[in-house]
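Chain and residue survey
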Amino acid sequence: MSFRIIVAFGCFTCLAIYLVVTAPPPLPLEASRAGAGRSLPVARMFDAVNAINDAARATYTARIVGPGGKAGLKFGEDWAEPGVDKGPLPALFLRLTAARIEARPPRLGLYLGSDAPINASNLFAGTQATAFARVRATKAPVFSTSERGDQVAMYPDFASAAPCVSCHNDHPDSPRKDWQLDAVMGATTWTYPEAALNADSALKVTEAFYRAVEEAYQRYLDKAAGFAVPVTIGAAWPEAGAPVLPDSATFMAEVRARAGGAVMRALILSGGEGGA
Amino acid sequence: MTLRRSAVTMAIPVAFLGAMGLWTGPAAHWLAQGPIQQGHAEVSCQGCHTPSPGTTRQQVQARFAFAIGRRDSDVDFGNGPVTSDHCLACHARPNERHPIYRFREPRFEPALRAVRADSCLGCHSEHDAARVSATPDICSACHGDLTLARDPVNIPHDRLIAEEKWESCLGCHDFHGNHVFEPPTRVQAMIPGAAIRAYFHQGAGPYGTFKHFEAKPE
């Protein structure tokens, strides 16, 4: 009798030790791995990355595509094909950035669309079409949650520089030829899997997005270095008679200068609630 | 009698642990699934199955703590799930025509109900001796209103689509755009459906032998 109790007791003690006594340290929780800190509604993070994207698009269009075009640099849909000496269009520059940011762990999605697109595959449909009608009417961002549970934000994409208007109005596939400066030409849609994130993660996502912009620009520089007539890359911006390109440090300094204030307002100075 | 009872008592925890092991990860590897596709003959199991963090005992403890409510999140046992990131580590290509991330945009939600185009595993399930596990008519999920402004094909795309010739698409286009292959402009020159199906099941590739980007080996 007592022997049996001792054996049973021994077995259960062993089992208990195996299961709960933590000689090896316990595996950390996902949440504590992510780090703690002040919690921020995801809308604030969307505001920050959208400000960076706007700054990158405006810099790229107004200071590279516009003046570069006058200096003889070319930009086109077929820019990535081997043997084609062109740079990416602003929309494709955004897509390059989107592909870079998506390759990183915080699953941030970025997409560009319109209700009157040059490329039919950029046409909004379903819930995005409804949300875009509101974006166009209010010229303000619209926040929602998708069917699969992602947080979704849609921001107006303004014709912020003259080349936006002229290139779209002149494009043979454009269904609209009457775009004007500052018009809402379309919208950027952002997705993120969580409704809130701590300040630390928000900063990480913001920095990752800056890096994605830099990598996208670097892909253009890499291509330009291999043109039949290689482009000079340095500290100067292109202008009539000077088909040169700024190096990525110069380009990124301009993007950061343009976006910095808005990023700071979104991440640091803002209060609790979402919206812009 | 006494001895038998104590043997039974001793067996309980052992059986308990054994069952816990069998019913989860590592043991399943002894009972591996179907054969991996030929293209991956040279790829080791670890190429796609990453061991979860921690030792087996740490994982058992974490699961036990989770089961009795003393831990907020469960952990993976043995190996973590296979994700598209594993595939992309070897197969990422800058010229991808259908990059999976694009289909995470909300407007593709209805299409994803027909084909999970936002994950490699939506069309390549691996372990079933097939190169592609989807059906050749998946193009219908997204290209239903395609018309080409200057259509070079002798039966134009909008007619092919109106007649629901969805299996014709792969006869003239590969899916990823990774083969060096010009689409023909005459439907008579199309790759026959039987050759496409054979290709899906490990047969020879019908789009020629050259690829823009080769997969990275390990």
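Cut-off values and rules
Residues numbered from 1 in each chain as written. Chains lettered and ligands numbered in written order. Predicted model: local features only at pLDDT ≥ 70, side-chain atom pairs only at ≥ 80, totals over all residues. Heavy atoms only, no water. Helix = DSSP H or I, 4+ residues; strand = E, 2+ residues; numbered from the N terminus. Contact = heavy atoms within 4.5 Å. Areas by Shrake-Rupley, 256 points an atom, 1.4 Å probe, with all protein chains shown as cover. Domains from an automatic or database assignment. Expected span 1.5 Å × (residues − 1). Buried < 20%, exposed > 50% of the residue type's maximum accessible area, 1.4 Å probe, protein only. Arc of directions from axis to C-beta. 1 Å grid on protein atoms, 1.4 Å probe; cavity = no way out; pocket = protein on both sides within 12 Å on 5 of 7 lines; lining within 4 Å. Points joined across faces, edges and corners; volume = space filled by probe spheres on them. Nonpolar A, V, L, I, M, F, W, Y, C, P; charged D, E, K, R; others polar.

This part covers the overall build of chain B. Looking only at helices and strands, chain B features nine helices and zero strands. In sequence order, the secondary structure elements of chain B are arranged as α-α-α-α-α-α-α-α-α. Sequence-distant contacts, at least 24 apart, represent 64% of the contacts inside chain B between residues at least 6 apart. Carbon and sulfur atoms provide 61% of the accessible area of chain B, an area that totals close to 13400 Å².

Time to look at the domain arrangement of chain B. Split into domains, chain B comes out as domain 1 (49-81) and domain 2 (92-200). With centres defined by C-alpha atoms, the gap from domain 1 of chain B to domain 2 of chain B works out at 40 Å.

The subject of this paragraph is helix 4 (residues 56-67) of chain B. All names here are of chain B. The end-to-end C-alpha distance of helix 4, which contains 12 residues, comes to 16 Å, matching closely the 16 Å that a straight helix rising 1.5 Å per residue would cover. Of all the positions in helix 4, only Gln58, Gln59, Val60, Gln61, Ala62 and Ala65 are classed as buried. Gly69 occupies a position one or two residues after helix 4 and carries a positive phi of about 80 degrees.

On to helix 6 (residues 162-170) of chain A. Residue and element names in this part refer to chain A. Within the span of helix 6, buried status applies to Cys164, Val165 and Asn169. Axial view of helix 6: buried residues confined to an arc of 105 degrees, hence all on one face. Residues of helix 6 that are exposed and point over 90 degrees away from its buried face: Ala162 and Asp170. Packed against the buried residues of helix 6 are helix 3 (42-71) and strand 5 (184-192).

Residues and elements named next belong to chain A. Counted by the stated rule, this structure contains one cavity of 30 Å³ or more. Volume-wise, the largest cavity comes out at about 40 Å³. Along its surface, the largest cavity is lined by Asn53, Ala56, Arg57, Phe93, Leu94, Thr97, Phe209 and Val213. Of all the elements in the fold, those that place two or more residues in the lining of the largest cavity are helix 3, helix 4 (90-102) and helix 7 (199-225). Class assignment of the residues belonging to the lining of the largest cavity gives a composition of five nonpolar, two polar and one charged.

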